[in-house]
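# Structural characterization, general
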Amino acid sequence: AMHTASGLLDDIRAGRGVPLATAEAGLLKFLAFFGNPAPGREPIAGFSPHFDLGWLAVHLPRVRAYFSHRCYDSSTLRQLARDLGRGDLVPTADAAHRALADCRAAAGMARVVAGLLKN
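Rules used in this analysis
- Residues numbered from 1 in each chain as written.
- Predicted model: local features only at pLDDT ≥ 70, side-chain atom pairs only at ≥ 80, totals over all residues.
- Heavy atoms only, no water.
- Buried < 20%, exposed > 50% of the residue type's maximum accessible area, 1.4 Å probe, protein only.
- Helix = DSSP H or I, 4+ residues; strand = E, 2+ residues; numbered from the N terminus.
- Arc of directions from axis to C-beta.
- Contact = heavy atoms within 4.5 Å.
- pLDDT = per-residue confidence, 0-100.

### Remarks on helix α4 (residues 49-59)
Taken together, the buried positions of α4 are occupied by Pro 49, Leu 53 and Leu 56. Buried residues in α4, looked at end-on, bunch into an arc of 65 degrees, giving them a common side. Along α4, the residues that are exposed and aim more than 90 degrees away from the buried face are His 50, Phe 51 and Val 58. Where α4 is buried, its residues touch β1 (42-46), α5 (61-64) and β2 (67-73).

Okay, structure coming up:
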């Protein structure tokens, strides 16, 4: 239901998706340029990124190898802000459930919560 609502399944059926091998090549190039010079040591971030680690392990194991077991979970950070009574300052996540939109939302939420922790 989530992928139907986001339009992902329609995009794939219409051939607007990127082949997995192409996505993998682009991610590996990106990680080689921006990632830790010692692969396997980077934390992964996002909304529930433990799910993403499992998906990567099955579908893109060479990409998964860049990341450690550590996760920065933006939904957990949002809950921390709420528990500290500062939840009104944390943006609501966009329900797009598309990779780029989710990455931007998770990064924005993490920035807000990090700012709250500095004060």
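### Some details on the confidence of the model for the chain
When the pLDDT values of the chain are averaged, the result is 85; 92% of them are 70 or greater. The weakest mean pLDDT in the chain belongs to helix α7 (residues 99-118) at 81; the strongest belongs to α5 at 95.

### Comments concerning unusual backbone geometry
Even without a glycine there, the phi angle at Ser 48 is positive, about 50 degrees. Looking at where Ser 48 falls in the secondary structure, it is placed in the loop between β1 and α4.

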